[in-house]
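Residue-level listing of the chains:
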Amino acid sequence: MKISKNNLFGFGIVFLSLFFIQCKNSDKEAETKENEMNTEKSQKTEMQKEDYGTTSDGEKVAQYTLTNENGMEVKIITYGGRITSLKAPNKNDEFENVVLGFDSLEQYTKDNPFFGALIGRFGNRIANGKFTLDGEEYTLAQNDGQNHLHGGEKGFDKVVWTVDDASANSLSLSYISEDMEEGYPGTLKTTVVYTLTEDNALEVDYNATTDKKTVLNLTQHAYFNLSGDFSETILDHKIEINADEFLPVNETLIPTGELKDVAGTPFDFREAKTVEQHIEGKNEQLERGQGYDHCWVLNEQDSGMRFAASAYHEESGRMLEVHTNEPGIQFYSGNFLDGTLPQADGEGNYGHRSGFCLETQHYPDSPNQEGFPSVVLEPGETYSSKTSFKFSVK
């Protein structure tokens, strides 16, 4: 069969037209796919807010969800600035909540062991609920036996914080504590910024100013269980603490003033070991705390942000690393959890030692102990503290 030049030319035009149409369609498909991915990405990373209830005083409480591109998710309510949920991946890339919390505002307003809360004005204990500043004695609530604990009857964990700014991965909260609130001098203006980074770290930045000389010690009181299964204890978690010394306590858990070497004691976590390894051993300090409920004297205190502690759960592969610029860290092994508080998923109650805390802070009872790092904040100064909780798998 003979094909003319004109026919060949026609076939060429048709072929080129079909080719360009196909390319154009492919480009459109690629563009559509890219737009869908960008939309999905945007939906994942846009700021999420929802109503969480109203307090008995009529104050509305909101819950904010922070997310990153890796799929991590942190939920925080304005009541107490509390972390209600933190979902982190295990070694199979399965995301589970790893902090103890509740389902409702009502549960948080009832008596509870400070689940997920911001703590102030003073984290930890002050002996006999009293301290002296410039010759004047201040009296605080004795809400832990004869001692003052975590800011008093209505500390920062029980107030509604103001949202100053919110985005997909950051939440800025503030609270003004009036002069003599809970017995503390000075009107204190506090700002706390939560930031969820792309390398799976939850950063907590604290800043505060006062108009009168006062004392201040802020911390975050999340309870962790890296297994993601709150019916399990945290006894199999391996803990490491970057500290050569810890603070022994008296019968009411107030530091004696001594800085004791951890070497040769159950308090030596310089190399990672399981919580259960020594917790039931015969030791006066463990008996007084009914387990670990002590402050460790962190190493390299003049180095700013540095490694403080870590926790590792072998079965899930989850690792938590804590960095801070604070001088101390309180490791609490959930000794007073007694099975009476309901789990958030409704699957049961939080049992004995079903969660642990790593609270970065200044030392307990610092206002009454001259040898401890100062917790005094003067007018014109800015209190600044930072802690990072970084999650990974291994």
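Residues numbered from 1 in each chain as written. Predicted model: local features only at pLDDT ≥ 70, side-chain atom pairs only at ≥ 80, totals over all residues. Heavy atoms only, no water.

An unreviewed UniProt entry lists the chain under the name Aldose 1-epimerase, with Salegentibacter agarivorans given as the organism. UniProt, in the comment section headed Sequence similarities (unreviewed entry), describes the chain in these words: "Belongs to the aldose epimerase family." (UniProt positions renumbered as here; feature names shortened; annotations may be inferred.)

A. Focus on the packing of aromatic side chains. Counted by the stated rule, this structure contains 26 aromatic pairs. Ring plane angle 80 degrees and centroid distance 5.4 Å describe the contact between F115 and Y350, whose orientation is recorded as edge-to-face. One end of the pair, F115, is in the loop between α2 (105–109) and β6 (117–119); the other, Y350, is in the loop between β24 (328–332) and β25 (357–361), and 235 residues separate them in sequence. Measuring from centroid to centroid gives 5.2 Å for F269 and Y292, while their planes differ by 75 degrees, and the two rings are edge-to-face. (Phe/Tyr/Trp six-rings, centres within 6.5 Å; stacked < 30°, edge-to-face > 60°. Helix = DSSP H or I, 4+ residues; strand = E, 2+ residues; numbered from the N terminus.)

B. Quick look at the pairing of strand β9 (residues 136–139). Taken together, the four bridges between strand β8 (residues 130–133) and β9 define a ladder with antiparallel strand orientation. Looking at β9, one finds that L133 is bridged to E136. Here β8 hands over to β9 after two residues, with D134 in that stretch at a positive phi of 50 degrees. (Pairing = 2+ DSSP bridges.)

C. Quick look at unusual backbone geometry. Here the amide bond leading from G120 into R121 is cis, since omega sits at 5 degrees, within 30 degrees of zero. Relative to the helices and strands, R121 resides in the loop between β6 and β7 (125–126). With a phi angle near 55 degrees, H150 is a residue other than glycine that sits in the positive phi range. Along the polypeptide, H150 turns up in the loop between β10 (148–149) and β11 (162–166). Residue class for H150 comes out buried when judged on its relative accessible area of 6%. Of note in the backbone geometry, D365 takes a positive phi value of approximately 60 degrees without being a glycine. (Buried < 20%, exposed > 50% of the residue type's maximum accessible area, 1.4 Å probe, protein only.)

D. Focus on the pattern of salt bridges. A complete count under the given rule lists 18 salt bridges for this structure. The partner of R318 in a salt bridge is E96, with the nearest N and O atoms 3.0 Å apart. Taken together, the positions of R318 in strand β23 (residues 318–324) and E96 in strand β5 (residues 95–97) put the pair 222 residues apart, joining distant regions of the chain. With a shortest N-O distance of 3.3 Å, R288 and E284 are connected by a salt bridge. In this pair, R288 and E284 both sit in helix α3 (residues 284–289), four residues apart, roughly one turn of the helix. Accessibility expressed as a relative area gives 23% for R288, which makes it partly exposed. Each of R82, D157 and K158 takes part in one network of salt bridges that share partners. (Salt bridge = Lys/Arg side-chain N within 4 Å of Asp/Glu carboxyl O.)

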